[in-house]
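# Residue-level structure breakdown
Spelled out from the first residue to the last, the chains are:
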Amino acid sequence: MDAGFSITLPRQAYTVAVVRDILDTLLRRGGLCRECVDDILIAVSEAGANAVEHGDPAPDYTVEAELGPRWGEVRISHTGRAPDNARLAERFANETVPLPGPEAESGRGIVLMRYLMDEVAFQDEPRTMVALRKRRTICDHPWESPPPERATRYALL
Ligand SMILES: [Zn+2]
(Lines give C-alpha, C1' and ligand atoms only; values in the text may rest on other atoms or scores of the structure.)
Protein backbone atom coordinates (compact mmCIF):
# COMPACT_ATOMS: atom_id res chain seq x y z
CA MET A 1 0.00 0.00 0.00
CA ASP A 2 1.21 3.45 -0.87
CA ALA A 3 -0.67 5.95 1.25
CA GLY A 4 -1.66 5.43 4.85
CA PHE A 5 -3.59 7.33 7.45
CA SER A 6 -4.65 6.71 11.00
CA ILE A 7 -6.76 8.45 13.61
CA THR A 8 -7.68 7.53 17.17
CA LEU A 9 -10.97 8.78 18.60
CA PRO A 10 -12.86 8.48 21.89
CA ARG A 11 -15.55 5.79 21.95
CA GLN A 12 -18.42 8.24 21.64
CA ALA A 13 -21.18 8.06 19.06
CA TYR A 14 -20.54 11.48 17.50
CA THR A 15 -17.04 10.43 16.43
CA VAL A 16 -18.40 7.97 13.87
CA ALA A 17 -19.65 10.92 11.80
CA VAL A 18 -16.22 12.54 12.12
CA VAL A 19 -14.58 9.39 10.76
CA ARG A 20 -17.08 9.34 7.91
CA ASP A 21 -16.28 12.95 6.95
CA ILE A 22 -12.53 12.41 7.08
CA LEU A 23 -12.65 9.19 5.06
CA ASP A 24 -15.02 10.75 2.55
CA THR A 25 -12.41 13.39 1.75
CA LEU A 26 -9.48 10.98 1.87
CA LEU A 27 -11.00 8.29 -0.34
CA ARG A 28 -12.35 10.77 -2.88
CA ARG A 29 -8.95 12.43 -3.13
CA GLY A 30 -7.48 8.97 -3.51
CA GLY A 31 -9.50 8.57 -6.69
CA LEU A 32 -12.31 6.24 -5.62
CA CYS A 33 -15.66 6.97 -7.25
CA ARG A 34 -18.64 8.34 -5.33
CA GLU A 35 -20.41 4.98 -5.24
CA CYS A 36 -17.42 3.04 -3.92
CA VAL A 37 -16.75 5.74 -1.32
CA ASP A 38 -20.39 5.60 -0.19
CA ASP A 39 -20.23 1.81 0.14
CA ILE A 40 -17.08 2.07 2.22
CA LEU A 41 -18.56 4.83 4.39
CA ILE A 42 -21.65 2.75 5.18
CA ALA A 43 -19.50 -0.25 6.13
CA VAL A 44 -17.16 1.93 8.18
CA SER A 45 -20.15 3.47 9.99
CA GLU A 46 -21.32 -0.01 10.98
CA ALA A 47 -17.88 -1.07 12.19
CA GLY A 48 -17.35 2.24 13.97
CA ALA A 49 -20.73 2.04 15.71
CA ASN A 50 -19.87 -1.49 16.85
CA ALA A 51 -16.54 -0.29 18.24
CA VAL A 52 -18.29 2.52 20.12
CA GLU A 53 -21.02 0.25 21.51
CA HIS A 54 -19.12 -2.94 22.21
CA GLY A 55 -15.52 -1.82 22.75
CA ASP A 56 -15.49 -1.88 26.56
CA PRO A 57 -13.25 -1.24 28.39
CA ALA A 58 -11.22 0.51 25.67
CA PRO A 59 -11.40 4.33 26.00
CA ASP A 60 -10.92 4.85 22.29
CA TYR A 61 -10.78 3.19 18.90
CA THR A 62 -8.51 3.59 15.90
CA VAL A 63 -9.35 3.89 12.23
CA GLU A 64 -6.59 3.25 9.72
CA ALA A 65 -6.97 3.68 5.99
CA GLU A 66 -4.61 2.57 3.27
CA LEU A 67 -4.92 3.24 -0.42
CA GLY A 68 -2.92 1.58 -3.12
CA PRO A 69 -3.10 0.96 -6.85
CA ARG A 70 -5.45 -2.02 -6.51
CA TRP A 71 -7.13 -1.88 -3.14
CA GLY A 72 -8.47 0.46 -0.54
CA GLU A 73 -8.51 -0.87 3.00
CA VAL A 74 -9.97 0.56 6.21
CA ARG A 75 -9.31 -1.07 9.58
CA ILE A 76 -11.30 -0.28 12.71
CA SER A 77 -9.76 -1.57 15.93
CA HIS A 78 -9.82 -1.22 19.70
CA THR A 79 -8.37 -2.94 22.76
CA GLY A 80 -11.75 -3.97 24.17
CA ARG A 81 -13.16 -7.45 24.04
CA ALA A 82 -16.51 -8.33 22.57
CA PRO A 83 -18.20 -10.92 24.78
CA ASP A 84 -18.67 -13.25 21.83
CA ASN A 85 -15.56 -12.77 19.72
CA ALA A 86 -15.59 -16.37 18.54
CA ARG A 87 -19.12 -16.01 17.17
CA LEU A 88 -18.23 -12.67 15.64
CA ALA A 89 -15.26 -14.19 13.86
CA GLU A 90 -17.52 -16.92 12.50
CA ARG A 91 -20.04 -14.37 11.23
CA PHE A 92 -17.30 -12.48 9.40
CA ALA A 93 -15.80 -15.58 7.86
CA ASN A 94 -18.83 -17.64 6.95
CA GLU A 95 -21.28 -16.59 4.25
CA THR A 96 -23.76 -19.21 5.36
CA VAL A 97 -24.20 -17.97 8.90
CA PRO A 98 -27.89 -17.00 8.93
CA LEU A 99 -29.13 -13.47 9.31
CA PRO A 100 -29.44 -12.62 12.97
CA GLY A 101 -32.75 -11.60 14.46
CA PRO A 102 -33.89 -7.99 14.49
CA GLU A 103 -32.51 -7.45 18.00
CA ALA A 104 -28.96 -8.23 16.88
CA GLU A 105 -27.85 -4.86 15.49
CA SER A 106 -24.17 -5.72 15.24
CA GLY A 107 -24.92 -8.99 13.48
CA ARG A 108 -26.88 -7.23 10.78
CA GLY A 109 -24.03 -4.75 10.44
CA ILE A 110 -21.69 -7.59 9.59
CA VAL A 111 -24.02 -8.85 6.88
CA LEU A 112 -24.11 -5.34 5.43
CA MET A 113 -20.31 -5.03 5.54
CA ARG A 114 -19.89 -8.34 3.74
CA TYR A 115 -22.36 -7.23 1.09
CA LEU A 116 -20.77 -3.84 0.43
CA MET A 117 -17.08 -4.78 0.58
CA ASP A 118 -15.01 -7.10 -1.59
CA GLU A 119 -13.42 -8.57 1.53
CA VAL A 120 -14.03 -8.27 5.25
CA ALA A 121 -11.84 -9.75 7.93
CA PHE A 122 -12.07 -9.95 11.68
CA GLN A 123 -9.35 -10.59 14.22
CA ASP A 124 -9.39 -10.53 18.00
CA GLU A 125 -5.64 -10.48 18.71
CA PRO A 126 -3.75 -8.33 19.57
CA ARG A 127 -6.61 -5.85 19.08
CA THR A 128 -10.21 -6.47 18.19
CA MET A 129 -10.18 -5.43 14.54
CA VAL A 130 -12.42 -5.31 11.51
CA ALA A 131 -10.74 -4.89 8.12
CA LEU A 132 -12.81 -3.70 5.14
CA ARG A 133 -11.33 -4.01 1.66
CA LYS A 134 -12.58 -2.64 -1.62
CA ARG A 135 -11.01 -3.32 -4.98
CA ARG A 136 -10.15 -0.36 -7.16
CA THR A 137 -11.91 -1.02 -10.46
CA ILE A 138 -12.79 0.67 -13.74
CA CYS A 139 -15.26 2.98 -12.01
CA ASP A 140 -12.43 4.64 -10.08
CA HIS A 141 -9.70 7.01 -11.17
CA PRO A 142 -6.37 5.31 -11.83
CA TRP A 143 -4.02 5.46 -8.93
CA GLU A 144 -1.31 8.09 -9.07
CA SER A 145 1.35 7.53 -6.48
CA PRO A 146 1.60 10.51 -4.19
CA PRO A 147 4.90 12.40 -4.20
CA PRO A 148 7.46 10.80 -1.87
CA GLU A 149 6.99 13.26 1.01
CA ARG A 150 3.29 12.38 1.15
CA ALA A 151 3.80 8.65 0.84
CA THR A 152 4.87 8.19 4.43
CA ARG A 153 2.38 7.20 7.09
CA TYR A 154 1.12 10.05 9.19
CA ALA A 155 -1.29 10.39 12.08
CA LEU A 156 -3.69 13.10 13.17
CA LEU A 157 -3.48 12.21 16.83
ZN1 LIG B 1 -15.74 2.87 -7.80
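The structure under discussion appears in the preceding block.
## Quick notes on the pairing of strand 2 (residues 60–67)
Only one face of strand 2 is covered, namely the one carrying Tyr61, Val63, Ala65 and Leu67; the face carrying Asp60, Thr62, Glu64 and Glu66 has none of its residues buried. By the bridge criterion, six bridges tie strand 2 to strand 3 (residues 71–78) in an arrangement that is antiparallel. For Glu64, the partnering residue across the bridge sits in strand 3 and is Arg75.

## Regarding the pairing of strand 5 (residues 128–135)
Only one face of strand 5 is covered, namely the one carrying Thr128, Val130, Leu132 and Lys134; the face carrying Met129, Ala131, Arg133 and Arg135 has none of its residues buried. Two elements, strand 4 (residues 119–123) and strand 5, share five bridges in a ladder whose sense is antiparallel. The residue bridging Val120 from the neighbouring strand is Leu132, located in strand 5. Connecting strand 4 to the next strand, strand 5, in antiparallel fashion are four residues.

## What about the environment of Asp140?
Tracing the backbone through its elements, the reader meets Asp140 in the loop between strand 5 and helix 5 (148–151). With 19 C-beta atoms counted inside 10 Å, the residue Asp140 sits in the partly exposed group. Ignoring any residue separated from it by four or fewer positions in sequence, one finds Asp140 in contact with Gly31, Leu32, Cys33 and Cys36.

## So, the environment of Glu73
Structurally, Glu73 can be placed in strand 3. Given 19 C-beta atoms within 10 Å, Glu73 falls into the partly exposed group. Residues Glu73 and Gly4 lie 69 residues apart in sequence; the distance between their C-alpha atoms is 9.5 Å. Not counting residues within four places of it along the chain, the set of residues in contact with Glu73 comprises Glu66, Ala131, Leu132 and Arg133.

Cut-offs applied
- Residues numbered from 1 in each chain as written.
- Predicted model: local features only at pLDDT ≥ 70, side-chain atom pairs only at ≥ 80, totals over all residues.
- Buried ≥ 20, exposed ≤ 12 C-beta atoms within 10 Å, placed from the backbone.
- Helix = DSSP H or I, 4+ residues; strand = E, 2+ residues; numbered from the N terminus.
- Pairing = 2+ DSSP bridges.
- Contact = placed C-beta atoms within 7 Å.

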